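# Analysis of the macromolecular model
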Amino acid sequence: MATPTISLDRTDAYDPPAEHVRLREDAPISWVELTDGRRLWVLTRHEDVRTMLGDPRFSSDRRDPRHPNHMPYIGPDHRPQLIEMDPPDHTRLRRSVVGEFTVQRLAALRPRIQEITDKAIDQMLAGQPEADLVEALALPVPSTVISELLGVPYSEHSFFQETSADFVRPDTTPEEKGAAAGRLKAYIAGLVEEKGKSPGDDLLSRQLASGADPEDLGALGFLLLVAGHETTANMISLCVATLLDKRERLSELRDDPKLTVGAVEELLRYFTIAEIGAARLATEDIEIGGVLVRSGQGVLGLTNTANRDPSVFDSPDELDFTRMARNHLAFGFGPHQCLGQNLARIELEIVLATLLRRIPTLRLAVPFEDIPFKVKGPNYGAYELKVAW
Ligand code: HEM
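What you are looking at is a predicted structure, and each value in this text was computed from that prediction instead of being measured. (Residues numbered from 1 in each chain as written. Predicted model: local features only at pLDDT ≥ 70, side-chain atom pairs only at ≥ 80, totals over all residues. Heavy atoms only, no water.)

### Topic: the coordination of the iron atom of the ligand
Donation to the iron atom of the ligand from the protein comes from one atom only, Cys338 (SG), at 2.3 Å. Summarising the element assignment, Cys338 is placed in the loop between helix H14 (303-306) and helix H15 (341-358). (Donors = N, O, S within 2.8 Å, 3.2 Å for Na, K, Ca; no water. Helix = DSSP H or I, 4+ residues; strand = E, 2+ residues; numbered from the N terminus.)

### Focus: the site of the ligand
Taken together, 27 residues lie near the ligand, and His90, Arg94, Arg280, His336 and Cys338 sit nearest. His90 is positioned with one of its side-chain polar atoms (N or O) 2.7 Å from an oxygen atom of the ligand. Within the side chain of His336, a nitrogen or oxygen atom sits 2.6 Å from an oxygen atom of the ligand. Taken together, the elements giving at least two residues each to the shell around the ligand come down to helix H3 (89-97), helix H11 (214-245) and H15. Ranked by residues supplied to the shell around the ligand, first place goes to H11 with seven residues. Here the residues of the shell around the ligand sort into 17 nonpolar, eight polar and two charged. (Near = heavy atom within 4 Å. Polar contact = N/O pair within 3.5 Å; in protein donor to acceptor, adjacent residues only side chain to side chain. Nonpolar A, V, L, I, M, F, W, Y, C, P; charged D, E, K, R; others polar.)

### Digging into H3
Looking only at H3, the buried set comprises His90, Leu93, Arg94 and Val97. Along H3, the residues classed as buried sweep out an arc of 100 degrees about the axis, all on the same side. Those residues of H3 that are buried lie in contact with helix H10 (203-209) and H11. (Buried < 20%, exposed > 50% of the residue type's maximum accessible area, 1.4 Å probe, protein only. Arc of directions from axis to C-beta. Contact = heavy atoms within 4.5 Å.)

### So, the pairing of strand S6 (residues 279-282)
The side-chain alternation of S6 yields two buried faces, one formed by Ala279 and Leu281 and the other by Arg280 and Ala282. Alignment of strand S4 (residues 58-59) against S6, held across two bridges, turns out to be antiparallel. Bridge pairing in S6 places Ser59 opposite Leu281. Relative to strand S9 (residues 298-301), S6 runs antiparallel, the two being bridged by three bridges. Note that in S9 the partner of Leu281 across the bridge is Gly298. (Pairing = 2+ DSSP bridges.)

### Focus on the packing of H11 against helix H13 (residues 260-271)
At a minimum axis distance of 11 Å, the contact between H11 and H13 shows a crossing angle of 100 degrees. As summarised for this structure, H11 and H13 are arranged roughly perpendicular, according to the angle between their axes. Residue-level contacts link Met235, Leu238, Cys239 and Thr242 of H11 to Leu267, Leu268 and Phe271 of H13. Within the contact of H11 with H13, the residues separate by chemical class into six nonpolar, one polar and no charged. (Axes fitted to C-alpha atoms, helices over the stretch in contact; angles between N-to-C directions. Parallel < 35°, antiparallel > 145°, perpendicular 65-115°, else oblique.)

### Let's talk about the pattern of salt bridges
This structure, assessed with the given rule, holds 33 salt bridges. With a shortest N-O distance of 2.8 Å, Arg57 and Asp55 are connected by a salt bridge. Here Arg63 ties to Asp61 by a salt bridge, and the two come within 3.0 Å at their closest N and O atoms. A residue is classified by how much of its surface remains accessible, and Asp61, at 18% relative accessible area, is buried. Three or more residues joined by partner-sharing salt bridges are found here, namely Arg79, Arg92, Asp213, Glu215 and Asp216. (Salt bridge = Lys/Arg side-chain N within 4 Å of Asp/Glu carboxyl O.)

### Focus: the packing of helix H7 (residues 140-150) against H11
Helix-helix packing is described using two parameters, namely the angle between the two axes and the distance between the axes. Closest axis-to-axis distance for the H7/H11 pair is 8 Å, and the angle between their directions is 155 degrees. Accordingly, the angle class assigned to the pair H7 and H11 is roughly antiparallel. Pair H7 / H11 crosses with right-handed handedness. Here H7 contributes Pro142, Ser143, Ile146 and Leu150 to the contact with H11, which in turn contributes Gly221, Leu224, Leu225, Gly228, His229, Thr232, Ala233 and Ile236. (Left-handed = near helix turned anticlockwise from the far one by under 90°.)

### As for unusual backbone geometry
Backbone torsion omega between Pro87 and Pro88 reads 5 degrees, so that peptide bond is classified as cis. With respect to the helices, strands and loops of the structure, Pro88 is situated in the loop between S4 and H3. Although it is not a glycine, Thr272 sits at a positive phi angle of roughly 35 degrees. Turning to its location among the elements, Thr272 is positioned in the loop between H13 and S6. Residue classification places Thr272 among the buried residues on the basis of a relative accessible area of 1%. Positive phi is not limited to glycine here, since Met324 has a value of about 50 degrees. On the secondary structure map, Met324 appears in the loop between H14 and H15. Among the residues examined, Met324 registers a relative accessible area of 42% and is labelled partly exposed.

Structure below.
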């Protein structure tokens with residue numbers, strides 16, 4: 001049988017592509033060719049994706065050219081980031097930094113995150129009664145939070161925001177990506193060096209003090225800066241766009257702000273914005289869901305489709321703020337499960353609750369259909385979200 005070709009592009013603002021859903025129903029583990037020519041296994045059932053992500057025989061090492069997320073622009077001196085490592089290196093590095101992201105430590109950041117959010121909303125309200133919410137709120141809040149956590153000076157915001165946007169934009173060439181990564185890496189390396197000389201009360205300084213290797217720390221700082229703001233910013237704009245489009249969900253949340261925690265979890269499941277993260281390389285022959293994946297073959301878990309699996313979530317295409325769907329795969333699963341997930345949750349909760357409370361007349365300034373969504377990945381979101389009040 002000919003290998004079917006599938007696209008990873010989003011085809012609908014809310015729902016996974018129909019062809020991915022069909023795969024889940026008809027051939028949940030399929031050998032496919034992606035539209036960019038990569039050939040790999042795609043997994044679409046929740047159970048199979050979870051099993052694959054939890055099995056360390058599926059490697060995250062993207063230096064191997066056979067890895068689905070191999071980066072052709074990285075040179076031989078590339079220092080793997082946490083997300084690209086396998087055990088035991090991954091286990092060691094993750095253990096050394098996980099203490100920075102405990103629920104308790106992050107809870108202590110709540111008042112500061114509230115302040116940052118309030119300030120961004122104050123600035124929004126001080127201007128015309130309309131704004132691009134991405135620029136006014138969705139990007140500044142998570143990028144300020146991650147900068148402060150790492151110890152990046154506020155004055156460097158626009159540099160790293162723009163450079164990391166170049167890095168994740170789907171239309172940049174491998175060379176442009178490489179150049180953007182190089183600029184960011186050089187910047188972080190300089191920052192780590194500075195922290196060595198004059199430490200502050202921040203993650204980079206604490207990690208150095210506890211003996212972290214400066215090069216490992218540079219790679220980690222790079223990852224945290226990029227992963228720590230772009231994804232959360234995308235989720236903020238998608239959440240706001242959805243609430244302003246689905247007014248009954250908005251009223252539900254306004255009437256009962258206690259639903260915010262469940263709403264955030266459900267919106268994370270519903271959008272599953274970072275699907276491409278669930279890519280691995282089989283390091284040996286592995287049977288999964290009755291299919292034999294050969295050593296050296298790539299595998300991609302379509303987490304967005306898996307998070308709509310009716311065998312796990314009742315009425316999966318409905319947005320239900322009361323379902324408390326903590327077993328979703330929006331933050332991945334297994335050893336690489338998102339390190340910043342609790343920070344992202346807190347930011348989303350605070351931003352949504354504050355926005356709804358402080359701007360009761362908030363509305364979309366363009367029809368929902370005209371919002372420019374990032375349909376081409378790697379992370380789903382909105383380029384711009386024009387709102388008015
Ligand atoms: C809504 C926001 C976010 C989403 C949807 C998200 C999603 C993900 C996913 C799917 C993975 C797993 C990748 C894999 O399996 O290879 C991941 C890993 C990671 N995320 Fe997030 N993320 C978010 C926010 C954040 C934030 C705020 C931070 C940092 C403060 C962060 C830092 C990381 C790191 C360091 C990893 C790699 C962990 C490891 O390899 O051990 N993320 N994220």
